[in-house]
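Listed below are the residues making up each chain.
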Amino acid sequence: MLISAFALVCDNLNTHTLGSLYQTFLPAEVFRIASRNDIVHTPKHGSWLNMAEPELSVLTRQCVTDRVGHQAEVRRRCDAWDTDRNQRQAGIDWQFTNDKAHIKLKRLNPKIEQ
């Protein structure tokens, strides 16, 4: 079993695929990159970044509070944290409604003259 070197988190832009690597790299290099790394795409809907940032903050504050010498230790801590958080079904209390968005982002709304 091949373990990836890292996971690359991308949005769903049409160029964020392994196929787009062929425009820059030779096929052998694309294969090497693809076999060592995972591409994880974000959801196509919703404000995923506004939910991901607080989760990463919680992970940092609760799991990686000190200097860690080995990647395996970081993985062990994060896996334990993730398992616990999922078992407790911890989540985000999303409170930014459409009405609040219209008020906060009023300057971005087009002005229609009648």
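Heads up: the structure comes first, above all this text.
Residues numbered from 1 in each chain as written. Predicted model: local features only at pLDDT ≥ 70, side-chain atom pairs only at ≥ 80, totals over all residues. Heavy atoms only, no water.

Trainee: Break down the side chain of Arg85 for me, with residues and values.
Mentor: Looking at where Arg85 falls in the secondary structure, it is placed in helix H3 (residues 71-87). A residue is classified by how much of its surface remains accessible, and Arg85, at 9% relative accessible area, is buried. Ignoring sequence-local partners within four residues, the contact set of Arg85 consists of Glu55, Val58, Ala90 and Gly91. (Helix = DSSP H or I, 4+ residues; strand = E, 2+ residues; numbered from the N terminus. Buried < 20%, exposed > 50% of the residue type's maximum accessible area, 1.4 Å probe, protein only. Contact = heavy atoms within 4.5 Å.)

Trainee: Can you tell me about the pattern of salt bridges, naming the residues and giving the values?
Mentor: In the structure shown here, the tally under the stated rule is six salt bridges. Here Arg32 ties to Glu29 by a salt bridge, and the two come within 2.7 Å at their closest N and O atoms. Highlighted residues: Arg32 and Glu29, both in helix H1 (residues 27-36), separated by three residues, approximately one helical turn. Note on Arg32: relative accessible area 40%, which makes it partly exposed. Relative accessible area serves as the criterion here: at 26%, Glu29 is assigned to the partly exposed category. Taking the shortest distance from any N to any O, the salt bridge between Glu55 and Arg85 comes out at 2.6 Å. You can see Glu55 sitting in helix H2 (residues 48-63) and its partner Arg85 sitting in helix H3, a full 30 residues away along the chain. When salt bridges with common partners are traced through the structure, they connect Asp66, Glu73, Arg76 and Arg77 into a single cluster. (Salt bridge = Lys/Arg side-chain N within 4 Å of Asp/Glu carboxyl O.)

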